[in-house]
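Report on the structure
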Amino acid sequence: MSKVAVLVTDLVEDVEYTAPVEALKKAGHTITTISPAGKTVVTGKHGTEIKVDKNINEVQPTAFDALLLPGGFSPDQLRADEAFVAFTKHFLLADKPLFAICHGPQLFIQTGLVKGRELTAYQTVQSDLYYAGGVVRDEPVVTDHNLITSRTPDDIPAFNNAIVNALA
């Protein structure tokens, strides 16, 4: 089974972390929750406390088979940190499975690797992706090779199905 890295910090959209992680674990995959240095717990927008397994300085992207980027305010904070941008960039360059929902694709913009990619995101992020050169689709799930993106918590069932199937 696959080793999946999940990049998060405070104010992540709780269900966009918990539901995909639960689906991936149920399918037999190993999850490693990764956050900024010094964090042992992050708190979601709605109060969910999420245990951090590693900080970004303790891991290498080559140790993982897939990457999950939940939304909320977490991706906007993480994209200001070059370590998280470089981690994400590795998955885009290597065409390794990369899953992002809602505001998660904000991290892609900082990598400079959006141009020509088909993807979706939360409505306010869609225009940012478009101006970065992305081919934006307003659909529940958009798959472009190993890149799977989704829009909102309402799309979680379709998103979870797509990411579990991608790693099957």
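Data block above holds the structure.
These notes cover the structure that comes with them. Position numbers for residues count from 1 along each chain, tracking the sequence in the order it is written. Local features in this predicted model are restricted to residues whose pLDDT is 70 or higher, and side-chain atom pairs enter the listing and the counts only when it is 80 or higher, whereas totals over whole chains, interfaces and linings include all residues. Heavy atoms from the whole structure form the basis of all side-chain values; hydrogens and water molecules are not counted.

Regarding the pairing of strand β10 (residues 141-144)
Of the pairings in the sheet, the one linking β10 to strand β11 (residues 147-150) comprises four bridges and is antiparallel in character. Note that in β11 the partner of Val141 across the bridge is Ser150. Two strands make a pair as long as DSSP finds a minimum of two bridges between them. Secondary structure is summarised from DSSP: a helix means a run of H or I of at least four residues, a strand means a run of E of at least two, and numbering begins at the N terminus for each.

Comments concerning the side chain of Arg117
Position of Arg117 relative to the elements: it lies in the loop between α4 (106-111) and β8 (118-119). Arg117 sits in the buried class, given a relative accessible area of 15%. Apart from the residues lying within four places of it in its own chain, the contact partners of Arg117 are Leu92, Asp95, Gly134, Val135, Asp144, His145 and Leu147. Buried means the residue's accessible area, taken with a 1.4 Å probe over protein chains only, is under 20% of the maximum for its type, while exposed means over 50%, and partly exposed covers the values in between. Note on contacts: a residue pair qualifies if any of its non-hydrogen atoms lie within 4.5 Å across the two residues.

Describing the sheet that holds strand β1 (residues 3-7)
Read across the sheet, seven strands follow the order β5-β2-β1-β6-β7-β11-β10 without closing on themselves; strand pairing throughout is mixed. Edge positions in the open sheet fall to β5 (54-55) and β10, since each of these has one partner strand only. Examined bridge by bridge, strand β7 (residues 98-101) and β11 share four bridges and lie parallel to one another. When the sheet's bridge partners are listed, Ala100 is paired in β11 with Thr149. For helices, the fitted axis covers only the stretch in contact; all axes are lines through C-alpha atoms, and the angles between them, taken along N-to-C directions, range from 0 to 180 degrees. Strands in contact with helix α1 (residues 14-26) are β1, β2 (30-35), β6 (66-69) and β7; relative to β2, the strand with the most contacts, it is inclined by about 150°.

Notes on the environment of Gly104
For Gly104, the position within the fold is in the loop between β7 and α4. With 29 residues separating them along the chain, Gly104 and Pro75 place their C-alpha atoms 5.4 Å apart. Residues in contact with Gly104, not counting those within four places in the same chain, are Leu69, Pro70, Gly71 and Pro75.

A few points about the packing of α1 against helix α6 (residues 156-166)
Where α1 contacts α6, the axes come no closer than 10 Å and their chain directions differ by 40°. In terms of axis orientation, α1 runs oblique to α6. For the crossing formed where α1 meets α6, the hand is right-handed. Of the residues in α6, those touching α1 at Val15, Glu16, Ala19, Pro20, Ala23 and Leu24 are Ile156, Phe159, Asn160, Ile163 and Val164. Here the contact of α1 with α6 is built from residues that sort into nine nonpolar, one polar and one charged. When an angle is under 35 degrees it counts as roughly parallel; over 145 it counts as roughly antiparallel; between 65 and 115 it counts as roughly perpendicular; any other value is oblique. Crossings are assigned a handedness: left-handed for a near helix turned anticlockwise from the far helix by less than a right angle, right-handed for a clockwise turn. Residue polarity follows a fixed list, in which Ala, Val, Leu, Ile, Met, Phe, Trp, Tyr, Cys and Pro are nonpolar, Asp, Glu, Lys and Arg are charged, and the others, Gly among them, are polar.

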